[in-house]
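The chain contents come next:
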Amino acid sequence: MNHTNQKIMTIMPSHKSCSDKYSAYKDSGEYWMGEIPEHWEIMKLKHVFKEKKKVTNPSLNCGSISFGKVVYKDDEKIPESTKASYQEVLAGEYLVNPLNLNYDLISLRIGLSSINVVVSSGYIVLKNAMELDKSYFNYLLHRYDVAYMKLLGSGVRQTISFNHIANSLLAYPPIEEQTAIANFLDDKTAKIDRAIGQKEQLIALLKERKQIIIQNAVTGKWSMINGEWSMTPKEKMKDSGVEWIGEIPEGWEVKRFKYLFAQSRLPVSSDNQIVTAYRDGQVTLRSNRRLTGYTEAILEAGFQGVRKGQLVLNSMDAFEGAIGVSESEGKCTPEYVVCDSINQGANNTYFALLLREMALAKYIQVICNAVRQRAVRIRFNNLAGRFIVVPPQKEQTSIVAHIETQSAKIDQTISLQQTQIEKLKEYKATMIDSVVTGKIKVS
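As enumerated under the stated definition, the model contains 13 aromatic pairs in all. Taken together, a centroid distance of 5.7 Å and an interplanar angle of 40° make the contact between tyrosine 144 and tyrosine 148 tilted. Relative accessible area serves as the criterion here: at 0%, tyrosine 144 is assigned to the buried category. Tyrosine 148 gets classed as buried once you look at its relative accessible area, which sits at 18%. Ring plane angle 80° and centroid distance 5.4 Å describe the contact between phenylalanine 261 and phenylalanine 351, whose orientation is recorded as edge-to-face. Of this pair, phenylalanine 261 sits in strand β18 (residues 261-263) while phenylalanine 351 sits in helix α7 (residues 348-360), placing them 90 residues apart in sequence. In this structure phenylalanine 261 comes out as buried when scored by relative accessible area, which is 1%. Look at phenylalanine 351 and you get buried, because its relative accessible area is 4%. Every member of this aromatic cluster is reached through a ring pair, and the members are Phe49, Tyr94, Tyr136, Phe137 and Tyr172.

What follows deals with helix α10 (residues 393-436). In this model α10 runs 63 Å from its N-terminal to its C-terminal C-alpha over 44 residues, within 8% of the 64 Å that 1.5 Å per residue would give. A positive backbone phi angle near 80° is found at glycine 438, which sits one or two residues after α10.

Attention now moves to the layout of surface pockets. Of the voids in this model, the largest pocket is the one considered here, and its volume is about 1000 Å³. Considering the residues around the largest pocket, the lining is formed by 26 residues, among which Phe67, Leu108, His142, Lys428 and Ile432 are closest to the centre. Mapped onto the lining of the largest pocket, the elements with two or more residues apiece are β6 (69-72), α4 (134-147), α6 (175-218) and α10.

We now examine the nonpolar core. Ranked by size, the top nonpolar core spans 54 residues in total, and within it Phe49, Tyr136, Phe137, Tyr144, Met149 and Leu170 carry the most contacts. Sorting the residues of this core by element identifies α2 (45-48), β8 (94-96), β11 (124-128), α4, α5 (162-165), β12 (169-172), α6 and α10 as the ones contributing at least two each. Looking at this core, the element that brings in the most residues is α6, giving 10 residues. Aside from chain neighbours lying at most four places away, what touches methionine 149 is Val96, Asn97, Leu101, Arg109, Ile110, Tyr144, Ile160 and Ile165.

Further remarks concern the sheet that holds β18. What holds strands together in a sheet is hydrogen bonding between their backbones, with the strands either parallel or antiparallel. If you walk across this open sheet you meet the four strands as β18-β25-β22-β23, and the pairing is antiparallel. If you trace the sheet from one side to the other, it starts and ends with β18 and β23 (323-325), each paired once. This sheet shows a mean twist of 30° between the axes of neighbouring strands, independent of strand direction. Examined bridge by bridge, strand β22 (residues 311-314) and strand β25 (residues 336-341) share four bridges and lie antiparallel to one another. Each bridged residue has a counterpart across the sheet, and for asparagine 314 the counterpart in β25 is tyrosine 336.

Bringing the environment of valine 96 into the picture now. On the secondary structure map, valine 96 appears in strand β8. Valine 96 sits 28 residues away from glycine 68 along the chain, and the two C-alpha atoms are 9.1 Å apart. Apart from residues no more than four positions distant in its own chain, valine 96 is found in contact with Arg109, Ile110, Tyr123, Ile124, Leu126 and Met149.

Once that is clear, we can look at the sheet that holds β11. In space, the four strands of this open sheet follow the order β4-β11-β8-β9, with antiparallel pairing throughout. A single partner strand is all that each edge strand has here, and the edge strands are β4 (49-51) and β9 (110-112). Strand-to-strand twist across the sheet, computed as the mean angle between neighbouring axes with direction ignored, equals 30°. Note that β8 and β11 share three bridges and pair antiparallel. Considered in β11, the bridge of leucine 95 is made with valine 125. Contacts between α4 and the sheet are confined to β4, β8, β9 and β11, with β9 contributing the most and set at about 170° to the helix.

What counts, and at which threshold
- Residues numbered from 1 in each chain as written.
- Predicted model: local features only at pLDDT ≥ 70, side-chain atom pairs only at ≥ 80, totals over all residues.
- Heavy atoms only, no water.
- Phe/Tyr/Trp six-rings, centres within 6.5 Å; stacked < 30°, edge-to-face > 60°.
- Buried < 20%, exposed > 50% of the residue type's maximum accessible area, 1.4 Å probe, protein only.
- Helix = DSSP H or I, 4+ residues; strand = E, 2+ residues; numbered from the N terminus.
- Expected span 1.5 Å × (residues − 1).
- 1 Å grid on protein atoms, 1.4 Å probe; cavity = no way out; pocket = protein on both sides within 12 Å on 5 of 7 lines; lining within 4 Å.
- Points joined across faces, edges and corners; volume = space filled by probe spheres on them.
- Core = buried A, V, L, I, M, F, W, Y, C linked by side-chain atoms within 4.5 Å.
- Contact = heavy atoms within 4.5 Å.
- Pairing = 2+ DSSP bridges.
- Axes fitted to C-alpha atoms, helices over the stretch in contact; angles between N-to-C directions.

Structure below.
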């Protein structure tokens, strides 16, 4: 067993309490449930649940369903006249989002409400038509949703009505078993969710630490002393004159951006592919990251060439960190600012890291006026007259090497945590599916 799996097994709940099988099984008649315990009943959904008649209740706050949970929704923009046509969903009732199933194949679209809200009339609200454990059926309906319901419906938007689901078959264990299963899953999933939450919190702290390392290195707050990086600067500090940076080592200079970089105007070759600057700082061919999800221009005009090693800023996304050194040759739109270093030997990666810090410190938003915050665009002229801190070239290289080494260590730890989170999520889903359909007997 590898190191990752060893760590996963230490935080997964024990199987000892759910390792038994039932004595006999039968075919459920539904592939998504498979075989179920022989003594369990099989019932049509319309016999277990009935569709609630639409009841208006404008006094309640608006709600919606998000990943299998009924949540409050910001209703400030919903006119009272529209809200009056909404239907109520009360705690203990099930909400089904039957709209556009083919637009959302991942998130859960059925949930047991724990709050009183109103939702648009397009939703389906279910009430139990017989005695049942609501928590058990919440787990079962989640499984039904993912494995079966998303295949139903008709039309381009694949929308369903109650009639589409009414004759679906559902397992109906004895009520005491429903409650035992629900209690078991509530306990085990809570433990798994806590473990996932702890790992997500650790990832957030690691990302924060990485950003602190980068920030302090590129601004001279940390320096190398006798081959080791220290929080104590090796030189006396002086005021940089740049508000967002503050003090820098005495041996560093401050220069205007236009004396460090010139705007590139390279031609485009017929075989050039599109280069994109991403918010994580990578500048590469789109094909190296993903092939879909981009907004394509109807007419390709005004492209400029990009070469390896050039400093690249995505003018629209620079304020979110879309700044880096290109690792590819290709072309980009006029919305990009592509720069060549004026000084031979300058380390463009250092300046990309520094500019990303400017962006994340919101300094780029300050120097780029825009009517709307999301419409911020940075141009070369916005940067040209701005002062940039410039360490000696040897230190630029040393800073980049330090950041890359530390970032690689942190990224490796983050990757390990993300792998463990995925394993926990897979384990949780498998456990729920197995227990709720009787493949595993809880005691």
